[in-house]
Amino acid sequence: MIPYPTVEEASVALGRNLTWFETVWFDYTATRSDFYVYCHTILVLFLVFSLAPLPFVIVGMSDWFDRFKIQPKIKYSLSDMFRCYKDVMKLFLLVVGTLQLVSYPSTKIAGIRSGLPLPSLMELVSQLVVYFLIEDYTNYWFHRLLHCKWGYEKIHRVHHEHTSPIGYASPYAHWAEILILGIPTFLGPAIAPGHITTFWLWITLRQMEAIETHSGYDFPWTMTKWIPFYGGAEYHDYHHYVGGQSQSNFASVFTYCDYLYGTDKGYRIHKKLLHQQIKEEGEAKEKKGGTKYD
Ligand SMILES: [Zn+2]
Ligand SMILES: [Zn+2]
């Protein structure tokens, strides 16, 4: 709840006029409790889980985009994708929703605010960068730990059921994995607490990134290719392709952890062999074309 009864009083308290976004935020949240505002996190997650993978479903309905498929031999039907979505939604309601509700006190302790002012662009961007770096590093180690014999067989095996992932499979995992990997996601906002809107933007971007890396497509025009050290779809797809034995590509967002700790060797060899194979196939085609006119 915002402790000012009117926009004018809020302006006086801030020492400036409210921005358009702040006025909208004031109108919506002034008379609502902090808990009610916080519960919107569930709505944000539900919308992201439901809508963000849809473009990849549409792309999958046409053969035209098959040239960008990372594992072109694997095809999923619409009913396969819908089944995956239903499983994810069940998990969402039982685990993610409940977790969000009970974690409200921890957001208060951490100091995530919901009043005015809204974060500046500088605060927003710098906090998002910090959250991504903290999540990526911590997730790397948690994920690597889940690949030990016990962790894989009891928990992480579920996420690896898709050897060729799809967008809807990004949050598809054992309930315990959702809880474990929730820690790296919340760690950034706990260390560098910001506004609740920053928190929503953070979980939206993180989930969209996970959906893209599980999409099964490597589009050359993807904007994320401009981000330094960004792993992307092909990078994480290889981790699923290798499956349970995979000791490669553990990182969730960037590639530097795998490089530093030497867990990208398998992937680098795979890329080298793939490159060589494409080169040899190209040369064989050229040779065939040449002999046609001999
Ligand atoms: Zn894994
Ligand atoms: Zn995955």
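All values derive from a computational prediction rather than experimental measurement.

**Some details on the overall build of the protein**
For step 1, the next point in the chain: When helices and strands are tallied, the protein shows 14 helices and 0 strands.
For step 2, the next point in the chain: In the protein, which comprises 294 residues, the proportion classed as buried is 29%.
For step 3, the next point in the chain: Of the contacts formed within the protein by residues at least 6 apart in sequence, a portion of 71% connects residues at least 24 apart.

**A few points about the nonpolar core**
Most often, soluble globular proteins keep nonpolar side chains buried together rather than apart.
For step 1, the next point in the chain: Residues C84, V88, I166 and Y168 are the most contacted members of the largest nonpolar core, which totals 20 residues.
For step 2, the next point in the chain: Where this core is concerned, the elements lending two or more residues are helix 4 (40-51), helix 6 (78-102) and helix 11 (196-213).
For step 3, the next point in the chain: When residues of this core are assigned to their parent elements, the largest contribution, 7 residues, is made by helix 6.
For step 4, the next point in the chain: Once you skip the residues sitting within four places of it in the chain, V88 turns out to touch F49, Y168, P171 and Y172.

**Describing the UniProt feature "transmembrane region" (unreviewed entry) in the protein**
For step 1, the next point in the chain: In the numbering used here, UniProt assigns the feature "transmembrane region" (unreviewed entry) to residues 35-59 and 88-104.
For step 2, the next point in the chain: Span residues 35-59 is 88% helix and 0% strand, its end C-alpha atoms 39 Å apart.
For step 3, the next point in the chain: Counted over residues 88-104, helix gives 94% and strand 0%. Its end C-alpha atoms are 23 Å apart.

**Section: the domain arrangement of the protein**
For step 1, the next point in the chain: Taken domain by domain, the protein holds domain 1 (1-32) and domain 2 (36-263).
For step 2, the next point in the chain: For domain 1 and domain 2, the distance between their C-alpha centres works out to 34 Å.
For step 3, the next point in the chain: Each partner contributes to the interface: domain 1 provides 9 residues, whereas domain 2 provides 7 residues.
For step 4, the next point in the chain: Sorting the residues of the side of domain 1 that touches domain 2 by element identifies helix 1 (7-14) and helix 2 (20-29) as the ones contributing at least two each.
For step 5, the next point in the chain: Tallying contributions element by element places helix 2 first for the side of domain 1 that touches domain 2, with 5 residues.
For step 6, the next point in the chain: Of the residues belonging to the side of domain 1 that touches domain 2, the class tally is 6 nonpolar, 1 polar and 2 charged.

**Digging into unusual backbone geometry**
Excluding glycine, residues mostly carry a negative phi; peptide bonds, for their part, are mostly trans.
For step 1, the next point in the chain: Following L116, the chain continues to P117 via a peptide bond in cis, the omega torsion being 5°.
For step 2, the next point in the chain: Turning to its location among the elements, P117 is positioned in the loop between helix 7 (104-110) and helix 8 (121-146).
For step 3, the next point in the chain: Positive phi, close to 60°, is recorded for F229, a residue that is not glycine.
For step 4, the next point in the chain: Tracing the chain through its elements places F229 in the loop between helix 11 and helix 12 (233-242).

So, how was this worked out
Residues numbered from 1 in each chain as written. Chains lettered and ligands numbered in written order. Predicted model: local features only at pLDDT ≥ 70, side-chain atom pairs only at ≥ 80, totals over all residues. Helix = DSSP H or I, 4+ residues; strand = E, 2+ residues; numbered from the N terminus. Buried ≥ 20, exposed ≤ 12 C-beta atoms within 10 Å, placed from the backbone. Contact = placed C-beta atoms within 7 Å. Core = buried A, V, L, I, M, F, W, Y, C linked by C-beta atoms within 7 Å. UniProt positions renumbered as here; feature names shortened; annotations may be inferred. Domains from an automatic or database assignment. Nonpolar A, V, L, I, M, F, W, Y, C, P; charged D, E, K, R; others polar.

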